[in-house]
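Coordinates in review
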Amino acid sequence: MGLTFLNGAFLIAALAALVPIVIHLISRRRVETIDFSSLRFLKELERKRIRRVRLRQILLLIIRSLILLAVALALARPTLRGRFAGGAGAHAKTSVAIVLDESASMSRRIDGDDLFTQAVAVGERIADLLDEGDQAFLVTAGAPPVSVLADGTYSPDALREALGGLAVSAAATDYPEAIDSALGLLRGSRNLNREIYVVGDLQRTGWIGSAREDAGPRSDAAPAADPTGGATGGDDPADAASEPGDVPAVRGYLIPLTGPEGNLGVVGVEVARKHGGTAGLFSFSSEVRNWSRRSVEMPVKLFVDGVQVGQAGVELEPGAAGTARFAAAVDESKWHAGWIELPDDALPTDNRRYFTIPPARRVEILVVRPDGEDPRDDAYYLVRALDPAGDGMRFAPAVVEASALGSQERRRFPVAVLADVGRLDRAGERWIEEHVEDGGGLLIVLGSRTDMRYWNAELLPGLLGATLRGLVERPAGVRLAPSAVGHPLLSGLVVGERLIDDVSVRRAFDVEANLREDVLELPGLGPVLVLGRTDGGGEVAALLTGVDPTWSDLPQSGFLVPLVHRLVGRLEGGHARASRTLVGEDLFVPIEETARGRIDVELPGGGTAIAEARAVGRRGAVLAGVREPGIYRFAIDAVPIALGAVNVDPRESDLAPVAAAEIEGLGGDVKLTVVSPDRPLEEEVLEARHGRELWRLFVYAALVLIALEMLLARSRLI
């Protein structure tokens, strides 16, 4: 137990207790005594009276000094600290915020219970440390964090009830954002004790790889210099209070729960149509990662429409990833859904990865060519690649000259291709800008007619954050290569580290772009195919070499058709976005223009929801903030119209906890203290918590002393 002063600066006011003494000493008068014989008989009586007066003066002097001392101590706000001073029923008013991890990784089991059940039990122990009238908040740490008790509760029983209503989810972990939310709730509290408890497995990716991407304070949070309403101090911020009305800083406690860390998970699935051969034949490529400390060999299964249609084996070293590949034929006239599955392990949630296959449909692609007559320009080769059979069954290209671009109907074309267009007029520029802002896709092919000054000044910086630095020419040709082996657009088109077909490039533009996704490159020279996403959601791709025989061998290669089909399919968006949606994000699926009516969604776990129809770029249906992985079935009047796949964030599969050396600073505005498993939580908290404030006692004492002084000053008893 210890005594601390929250407003220590007022202790200097205690010197005022010396004022009555100083005044008394200054005002004393020395009087010369002269004895008269006629007063001799009264002398003894006078001495007795003088002694009583002096005694009363001394008592008044002491009382007045004590009054000033009591007022000064009351202003300094003396407070008891320590386990006994802050124990149940004896601590000052307290506000607590519990950040409880209910993410997918908390479903791990140990000693018969999952980690989430243990976390709830810890939350109930925290509730036991509260009295009626203490304030409690509850925030979940799954992305995005949810404030369950946003208004706070003053009843420990209500806190226990809220804890009992929680359930483990499939969300990823975002500790920094959850702590920010908890701080925002506590910031309005003026209680003496303010505490944040972070209860979970302290998964490293929940701190370092969270949605916020950093562990420092957010730009829109309160300034770090004043995180707790003005409290400042030394080594222990809980003791800091520099001005009247300040409250101590928020104390943060990390309560780690440990479980098995070895895990295997499916972190990605790519589905691509195989061109040529069997109709409706698709390739499936799944990435499997091993987070355990031992080598494993396991079967990987492919399910389509609930039926197993394939199996492959993968062998993985510790910390390594591998790829399982399958092929299956489906009826392309309707939607299909499926998943890749692993055997059960420590974290079952990531052992399935879902995907959808939309029905084959005719997609109109706007191909913009330069003005003038040239029967064998880049547009010619691109149209042949988009529609090799000329039947328009998959992609139906519509070719217009650049001068006519501004008059085209934007919503008719989900993807536009600028085929070696030297420059655009202002109407064409506006068409392109509005097209990508509405979520449309754009493929830019730069060839012989490219006006570098125009593209650098107008479109490329705004669309891709890129600029052209010059033209690179290699008459002997340089072999085209993948920028990164395993890129989804190149699945099945790469053997080892080479493309399935040798493509020689003789001329290409050198580009500078900071924010991009490289797909193809010329080794030693730079990228040839780059992608980027605009603020409006539309994707933009730039092919930095012309599609004609004078620039490269692309027109004669078997590589061009599958590359263009996959690239345009990705730029179209559609089912690619629906298959890449993660828990916590909005699920978007495309729907036909003719579909009208209320859009009902059948959820993976049962139950239904209503989706919102949107007509930005391409018409679609949006279900906001999906909370569980699986297949979502969209229907209008009980007629199925689309499927969407939602998966667990791959970050959640890495179960390694944050290292002790990394904990300092992770809480942003809050200094976090790890509660050792060997030390009871109650002991850790109560020793740091402030007990009863004593300023009221000193105020009462001052009032009693004032009454006594008034009584004594008027009394004749002494």
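Placed above this text is the structure.
Residues numbered from 1 in each chain as written. Predicted model: local features only at pLDDT ≥ 70, side-chain atom pairs only at ≥ 80, totals over all residues. Heavy atoms only, no water.

What follows is about the packing of helix α3 (residues 115–128) against helix α4 (residues 156–164). At a minimum axis distance of 9 Å, the contact between α3 and α4 shows a crossing angle of 175°. Considering their axes alone, α3 and α4 lie roughly antiparallel with respect to each other. Seen from α3, the contacting residues are Val120, Gly123, Glu124, Ala127 and Asp128; seen from α4, they are Pro156, Leu159, Arg160 and Leu163. Taken together, the residues that form the contact of α3 with α4 break down as five nonpolar, one polar and three charged. (Axes fitted to C-alpha atoms, helices over the stretch in contact; angles between N-to-C directions. Helix = DSSP H or I, 4+ residues; strand = E, 2+ residues; numbered from the N terminus. Parallel < 35°, antiparallel > 145°, perpendicular 65-115°, else oblique. Contact = heavy atoms within 4.5 Å. Nonpolar A, V, L, I, M, F, W, Y, C, P; charged D, E, K, R; others polar.)

Note on sheets: strands pair through backbone hydrogen bonds, and any given pair is parallel or antiparallel. As summarised here, the arrangement of the three strands in space is β10-β11-β14, forming an open sheet in which the pairing is antiparallel. Of all strands in the sheet, those bounded by a partner on one side alone are β10 (264–273) and β14 (321–329). Averaged over all pairs of adjacent strands, the angle between strand axes in this sheet comes to 20°, irrespective of strand direction. Judged from the nine bridges that link them, β10 and strand β11 (residues 281–290) form a sheet pairing that is antiparallel. When the sheet's bridge partners are listed, Glu270 is paired in β11 with Ser285. (Pairing = 2+ DSSP bridges.)

Time to look at the side chain of Glu539. As for its position among the elements, Glu539 is in strand β28 (residues 539–543). We classify Glu539 as buried; its relative accessible area is 7%. Within the local environment of Glu539, its side chain forms a polar contact with the side chain of Arg570, the two groups lying 3.0 Å apart. In this structure, Glu539 is in contact with Gly440, Gly441, Leu442, Leu531, Gly532, Arg533, Arg570 and Leu571, ignoring residues within four places of it in sequence. (Buried < 20%, exposed > 50% of the residue type's maximum accessible area, 1.4 Å probe, protein only. Polar contact = N/O pair within 3.5 Å; in protein donor to acceptor, adjacent residues only side chain to side chain.)

On to helix α7 (residues 378–386). Those residues of α7 that fall on the buried side of the exposure criterion are Asp378, Ala379, Tyr381, Leu382, Ala385 and Leu386. Angularly, the buried residues of α7 cover 165° about the axis, an arc narrow enough to put them on a single face. As for α7, its buried residues are in contact with β17 (363–369), β18 (395–401), β19 (415–419), β20 (441–445) and α11 (560–572). (Arc of directions from axis to C-beta.)

Under the definition given, this model contains 24 salt bridges. Measuring nitrogen to oxygen at the nearest pair gives 3.4 Å for the salt bridge that ties Glu287 to Arg289. The closest approach of N and O atoms between Arg498 and Asp502, which form a salt bridge, is 3.0 Å. Here the residues in one salt-bridge network are Asp128, Asp157 and Arg160, joined through shared partners. (Salt bridge = Lys/Arg side-chain N within 4 Å of Asp/Glu carboxyl O.)

Moving on to the sheet that holds β19. The strand order across the open sheet built from eight strands is β18-β17-β19-β20-β28-β27-β26-β22, with neighbouring strands paired in mixed fashion. Only two strands of the sheet have a single neighbouring strand rather than two, namely β18 and β22 (481–482). Sheet topology note: the β17/β19 ladder contains four bridges and is parallel. Bridged to Val368 within β19 is Leu418. Lying over the sheet, α7 contacts β17, β18, β19 and β20, oriented at roughly 165° with respect to β17. Strands β17, β19, β20 and β28 of the sheet are contacted by helix α8 (residues 426–437), whose axis makes an angle of about 140° with β19.

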